[in-house]
Structure formats: C-alpha cells, structure tokens
Amino acid sequence: MGVLLASTFSLIRIIIWMSIMSNCISISSSYPICESPYPPDAIPVYEDDVDTLQFAENLEFLEAEYFLWAALGYGLDHLAPQFVLGGPPPIGAQKAKLDSLTRNIITEFGYQEVGHLRVLKKTVGLFPRPLLDVSPKNFAKLFDEAFGYELDPPFDPYRDSLNYMLSCYVIPYMGLVGYVGANPLINGYKTKRVLAGLLGVESGQDAVIRMYLYERAEELVHPYNHTVAEFTIRISELRNQLAMCGIKDEGIIVLPQLGAENRTESNVLSANFDSISYRRTPREILRVMYNTGNEHLPGGFYPHGGNGRIAREFLKMPH
C-alpha cells in the first residue's frame, strides 16, 4: 500500500511538472508583453514612506522569531543572521509541542516572515532586531490580564498545538490592522507594492489562525474551564481596552450587531460594519504590544521598546 501511495504521489508530481513546462513553452513562444504598470516619472520610495514601513519591522521580527522557534527550534540567528544587525536574541523562545498539521502551518509562516524582512531590507532598510520577550511567563501574564485572574496552571503557549495557536491569535492580527492603517500614508509605488503584498500575507495568516480556532470554538482549553471562543473574545476585549480607540478587534463568536450585515454570530474574519478590515495607528499598536496601554511605556513583547524612528520617538516623550 505504501509503495502504491508513493508511486501515486510521484505520478502526480510528474503530471504537474509536465503541465508547468508545457505552459512555459506556450507562453515563451507567444512573446507576451509584461510592461511595468508604473508611470516612468513615478517615485518608487518617498522619504516619509521609510519610517512608516520600518515601523512594521517590529512586528515582522516578532513574528519571524516566534514562528521559527516554535516550529523549528531555532530563529533568525541561525536561519538569517544577516537580518538581525546585532540585535539581542529573543527571551524565552523555544520549540513548541506541535502536531504535524500545526507545525507545517507555522513552519510556512516562519519562512514567510524571513521573506518579509528581506523585502523590507531591500525597500526601506532594516534596523537592529529589538529585544523580544516570547517567554511562557510573558504570555501567561497576558492571558491572566485577559481573563482578570491568574490562570492555574499559568498559560503556556508552547504546551501543545491548541495553546500555541491561541497565542498566535495575539500577533498577526496586529500586523494586519497596522498595515491597513499605514496604507493611506504611503506614496511611493514600490513601497505601496510592498505594503500591499505584506498585508495580503498577514491577512492570510490571521485568517488561517482564526479558522483553526473557529473549528474548535466550543472546545474546552485544557485544563481551564473556558472554551476556545471565550479565549479569543477575552484577548480581543483586552486589546480594545489597551488600544483605547473603540472596537477594532473581535473574537470568533460575536453578538449579531457585530456580525456580517448584523446577521451572523460567527465571526471567522474580524471586520467593521462594511466588512472591511479595521485599522490601527502606531500609537494603538504599541499600547497593545507593550501590554501597558501606553505607547511611551515599553513592556510585554518589547521590554526595551520597539526600534525605528517612530517607536523611539514615543519612548523619548514623558509617560
């Protein structure tokens, strides 16, 4: 049976390869025109674009390290040391106990983040990796605050696949709303293209995570007496409280007045009344990611604060 299955997979690969080669030959023989869609006098990167797009690197570094360590047991220092620029290694990073499905998802996410850092380096340049805290202790503190009491035992994101995906619910969505917020501020055609591409993948990652959790919405998270849905609701409520700018974050189950066209209680994707993504400013994002509700007061995932001009300027201001 195993030999037959292997032969079947080999045959599928051959068919796919022949199809690709056939299409390539057909395309190359027709000499298609693939002109640049940009006007010849357009500016690729405006000066103001740099700070705006670099701010996102704080989240991209966090995602890269958290995904890579959990799936592979090592991070950027091993896989892409050219991007860290002397920044300190993350605190508490470790390999998670993931099943094969979850490990495959997170491995892909991790490699995607390496690509994100590469394109950001080519477009606006990188700054040194900020100090990141992805320790179980930091996540436990975050989930305790979300529930309003100390979970027993403390929440451990590396414990199993479900815990890890619940912890991932905390991160890519902030990149999504950050890119949506940055979009109107970007002017260069190259920086617009990069932002749109980054937003597409961040949105996809968030959708995968939310769907994974939505399928398990009524499942109890062992050993706590809370469902997966309740975990997402509590985290979303905490982020709205920390950001202090209204509802821009929703769990996977909502009241009908927050559902699509006010007609659903399911909430696979978080979106506003017109079903478009919410947006957040750098101030709001730092308030959430610092877990202090204060963009001037570092903590949470960034014990020493974020890097880049925007994040560092906030740190210079009084608390």
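Residues numbered from 1 in each chain as written. Predicted model: local features only at pLDDT ≥ 70, side-chain atom pairs only at ≥ 80, totals over all residues. Heavy atoms only, no water.

**So, the overall build of the chain**
Phase 1: Helix and strand content of the chain: 12 helices and 0 strands.
Phase 2: N-terminal to C-terminal, the α/β element order of the chain is α-α-α-α-α-α-α-α-α-α-α-α.
Phase 3: Burial statistics for the chain: of 319 residues in total, 48% are counted as buried.
Phase 4: The contacts in the chain between residues at least 6 apart in sequence include a share of 72% that link residues at least 24 apart.
Phase 5: When the accessible surface of the chain is split by element, carbon and sulfur atoms take 59% of a total near 15900 Å². (Helix = DSSP H or I, 4+ residues; strand = E, 2+ residues; numbered from the N terminus. Buried < 20%, exposed > 50% of the residue type's maximum accessible area, 1.4 Å probe, protein only. Contact = heavy atoms within 4.5 Å. Areas by Shrake-Rupley, 256 points an atom, 1.4 Å probe, with all protein chains shown as cover.)

**Describing the nonpolar core**
Phase 1: Membership of the largest hydrophobic core comes to 83 residues, with the highest contact counts inside it found for Leu 76, Ile 106, Tyr 164, Leu 213, Phe 231, Met 289 and Phe 301.
Phase 2: Top contributing element to this core by residue count: helix H3 (residues 57-72), with 9 residues. (Core = buried A, V, L, I, M, F, W, Y, C linked by side-chain atoms within 4.5 Å.)

**Topic: the confidence of the model for the chain**
Phase 1: Looking at the chain, the pLDDT average stands at 92 and 90% of residues meet or exceed 70.
Phase 2: In this model, residues 2-6 is a region of pLDDT below 50 whose contacts with residues beyond four sequence positions or in other chains number 0 contacts. (pLDDT = per-residue confidence, 0-100.)

**Considerations on the environment of Gly 197**
Phase 1: Checked against the element boundaries, Gly 197 lands in helix H9 (residues 189-214).
Phase 2: Between the alpha carbons of Gly 197 and His 116 there is a distance of 9.1 Å; along the sequence they are 81 residues apart.

**Thoughts on the layout of surface pockets**
Phase 1: By volume, the largest pocket amounts to about 270 Å³.
Phase 2: As for the largest pocket, its lining consists of 19 residues, of which Gly 178, Gly 181, Ala 182, Arg 280 and Pro 282 are closest to the centre.
Phase 3: Put simply, the parts of the chain that give the lining of the largest pocket at least two residues each are helix H2 (47-55), helix H8 (172-182) and helix H11 (282-289).
Phase 4: Considering each element in turn, the lining of the largest pocket owes the most residues, 6 residues, to H8.
Phase 5: Its residues assigned to classes, the lining of the largest pocket comprises 10 nonpolar, 5 polar and 4 charged. (1 Å grid on protein atoms, 1.4 Å probe; cavity = no way out; pocket = protein on both sides within 12 Å on 5 of 7 lines; lining within 4 Å. Points joined across faces, edges and corners; volume = space filled by probe spheres on them. Nonpolar A, V, L, I, M, F, W, Y, C, P; charged D, E, K, R; others polar.)

**Here we look at empty space enclosed by the protein**
Phase 1: With the rule as written, the count across this model stands at 2 cavities of 30 Å³ or more.
Phase 2: The space that makes up the largest cavity amounts to roughly 80 Å³.
Phase 3: Lining the largest cavity are Asn 138, Leu 142, Val 170, Ile 235, Leu 238, Arg 239, Val 288, Met 289, Asn 291, Gly 300 and Phe 301.
Phase 4: Elements with a minimum of two residues in the lining of the largest cavity: helix H6 (136-147), helix H10 (228-243) and H11.
Phase 5: It is H10 that contributes the most residues to the lining of the largest cavity, 3 residues altogether.
Phase 6: If you add up the space inside the second largest cavity, you get close to 30 Å³.
Phase 7: Forming the boundary of the second largest cavity are Phe 55, Asn 58, Leu 59, Ile 285, Leu 286, Met 289 and Tyr 302.

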